[in-house]
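So you can see what is in the structure, the chains are spelled out below.
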Amino acid sequence: MVLADLGRKLNSALSNLNKSPVVDEKVLDELLKEITKALLESDVNVKLVQTLKKQVKAKVKPALESTDKSKEGQRKSIIQKAIFDELVQLVDPGVEPYKPKKGHPNVIMAVGLQGNGKTTTCTKLAVHYQKRGFKCCIVCADTFRAGAFDQTRQSATKAKVHFYGSYTETDPVAIASEGVAKFKKERFEVIIVDTSGRHRQESELFEEMKQIQAAVKPDMTVLVLDASIGQAAEAQSRAFKESADFGAIIVTKMDGHAKGGGAISAVAATKTPIIFLGVGEHLNDLDRFSPEPFISQLLG
Ligand code: GDP
């Protein structure tokens, strides 16, 4: 079920509550059943869904116990608020992501498996910050994939963003260090380091990420996660968290047929905030993410 469908189902459950002349335990159970079903169909982790259900029940218990009929409307708004707050909790780990500062060389390192949209997202990020007055650039430290540097070169050129990389150097740590050092000297303010997303062995990929992290000391490491991988997002984000401790997540391909719930579960599994959503293949298709507006929009 795609995200828009999830929104529709949640809305329909809430409007059934609104229409109900009485609000009692039975009505609440029916509502929670519909909400739970919709979330599970969207790939949200079953434990998270159970927690949401338990929390809503605990929050609305005192209101339901009151037998005062005149408070029916009040009971409805207490339930609606509890559901809204718990949905926000699903996407809010309560951690503030790093915010680039003007006049400072903010180093952002992007990690994630090949195909997740890392290279595209690096350019989108550069465009985003460039529009906000930051002097931006990209370092291509992916020496594993043939054509990686060409892809960076093409998209960075299109976006009028400075870039650094090499056709001959095979050591990604050396490229990352040299590129970041060069751009720091030239007083760039957002220096984005794109890394490899594939290796002969997964352990080699993680080892390389650690080495690049140690070399460039990023202010923020971002995991780029493809929404269309569904429930696999959780295991993938855990594996990356153990090796390249990232402080933010960007979920890509939210414009497609992605269910989105897997990515939401990755937030909880790694206690890391989502900062942007990729919503298309174009360089401007990057939406800022914050929990409350996201849930408000989802509920229409
Ligand atoms: P990388 O291997 O992780 O660097 O992935 P790429 O940046 O090369 O992207 C892989 C594919 O996903 C490309 O065809 C991109 O155009 C596409 N892509 C990336 N982000 C998005 C997005 O937000 N929405 C859509 N629809 N496609 C995306």
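The name an unreviewed UniProt entry assigns to the protein chain is Signal recognition particle 54 kDa protein, from the organism Serendipita indica. The heading Subunit (unreviewed entry) in the UniProt record of the protein chain holds the text "Fungal signal recognition particle consists of a 7S RNA molecule (scR1) and at least six protein subunits: srp72, srp68, srp54, sec65, srp21 and srp14."

Enquirer: Outline the site of the ligand, supporting the account with residue identities and numerical values.
Expert: The full set close to the ligand counts 17 residues, and Gly-115, Lys-118, Thr-120, Asp-255 and Glu-281 are the nearest of them. In the environment of the ligand, an oxygen atom lies 3.3 Å from a nitrogen or oxygen atom belonging to the backbone of Asn-116. Against a free-state accessible area of 580 Å², the protein chains account for coverage of 80% of the ligand. When residues of the shell around the ligand are assigned to their parent elements, the largest contribution, 4 residues, is made by helix H5 (residues 118-131). Partitioning the shell around the ligand into residue classes produces 2 nonpolar, 9 polar and 6 charged.

Enquirer: How would you sum up the sheet that holds strand E1 (residues 106-111)? Please name residues and give values.
Expert: Reading across from one edge, E3-E2-E4-E1-E5-E6-E7-E8 is the order of the 8 strands in this open sheet, with mixed pairing throughout. Only two strands of the sheet have a single neighbouring strand rather than two, namely strand E3 (162-164) and strand E8 (286-288). On average, adjacent strands in this sheet sit at an angle of 25° to one another, irrespective of strand direction. Pairing of E1 with strand E5 (residues 220-226), which is carried by 4 bridges, proceeds in the parallel orientation. Within E5, the position partnered with Ala-110 by the bridge is Val-222. Its contacts with the sheet place helix H6 (residues 148-158) against strand E2 (136-141), E3 and strand E4 (190-195), and it is angled at close to 170° to E3. Those strands touched by helix H7 (residues 172-185) are E1, E2, E3 and E4, and its axis lies near 165° from that of E2.

Enquirer: Quick one: what's the story with the packing of helix H2 (residues 25-41) against helix H3 (residues 46-65), residue by residue and with numbers?
Expert: How two helices sit against one another is set out by the angle between their axes and by the gap between those axes. The contact between H2 and H3 brings their axes to 10 Å, and the two run at 160°. By the criterion of interaxial angle, the relationship of H2 to H3 is roughly antiparallel. Considering the relative orientation of H2 and H3, their crossing is right-handed. Of the residues in H3, those touching H2 at Glu-25, Leu-28, Asp-29, Leu-32, Ile-35, Thr-36, Leu-39 and Leu-40 are Val-46, Val-49, Leu-52, Lys-53, Val-56, Lys-57, Val-60 and Leu-64. Looking at the contact of H2 with H3, its residues break down into 11 nonpolar, 1 polar and 4 charged.

Enquirer: An account of the nonpolar core is needed here, citing residue identities and associated values.
Expert: Ranked by size, the top nonpolar core spans 70 residues in total, and within it Leu-31, Leu-39, Leu-87, Val-193 and Ile-295 carry the most contacts. Leave out the neighbours within four places in its chain, and Leu-31 touches Ala-13, Leu-14, Leu-17, Ile-79 and Ile-83. Cys-122, Val-127, Val-190 and Leu-283 belong to the second-largest nonpolar core, a separate cluster that totals 24 residues.

Enquirer: Please set out the UniProt feature "domain: SRP54-type proteins GTP-binding" (unreviewed entry) in the protein chain residue by residue, giving values where relevant.
Expert: In this structure's numbering, the residues bearing the UniProt feature "domain: SRP54-type proteins GTP-binding" (unreviewed entry) are residues 273-286. Secondary structure content for residues 273-286 is 0% helix and 43% strand, while the C-alpha to C-alpha distance between its ends is 16 Å.

Enquirer: Break down the layout of surface pockets for me, with residues and values.
Expert: Taken as a whole, the largest pocket holds about 400 Å³ of empty space. Lining the largest pocket are 23 residues, and of these Pro-97, Lys-99, Ile-275, Arg-288 and Phe-289 lie nearest its centre. Contributing elements (two or more residues each) for the lining of the largest pocket: H5 and strand E7 (274-278). For the lining of the largest pocket, the element with the highest residue contribution is E7, accounting for 3 residues. A class-by-class count of the residues in the lining of the largest pocket yields 15 nonpolar, 3 polar and 5 charged. Its boundaries defined by the atoms lining it, the second largest pocket holds a volume of some 210 Å³.

Procedures and definitions
Residues numbered from 1 in each chain as written. Predicted model: local features only at pLDDT ≥ 70, side-chain atom pairs only at ≥ 80, totals over all residues. Heavy atoms only, no water. UniProt positions renumbered as here; feature names shortened; annotations may be inferred. Near = heavy atom within 4 Å. Polar contact = N/O pair within 3.5 Å; in protein donor to acceptor, adjacent residues only side chain to side chain. Areas by Shrake-Rupley, 256 points an atom, 1.4 Å probe, with all protein chains shown as cover. Helix = DSSP H or I, 4+ residues; strand = E, 2+ residues; numbered from the N terminus. Nonpolar A, V, L, I, M, F, W, Y, C, P; charged D, E, K, R; others polar. Pairing = 2+ DSSP bridges. Axes fitted to C-alpha atoms, helices over the stretch in contact; angles between N-to-C directions. Contact = heavy atoms within 4.5 Å. Parallel < 35°, antiparallel > 145°, perpendicular 65-115°, else oblique. Left-handed = near helix turned anticlockwise from the far one by under 90°. Core = buried A, V, L, I, M, F, W, Y, C linked by side-chain atoms within 4.5 Å. Buried < 20%, exposed > 50% of the residue type's maximum accessible area, 1.4 Å probe, protein only. 1 Å grid on protein atoms, 1.4 Å probe; cavity = no way out; pocket = protein on both sides within 12 Å on 5 of 7 lines; lining within 4 Å. Points joined across faces, edges and corners; volume = space filled by probe spheres on them.

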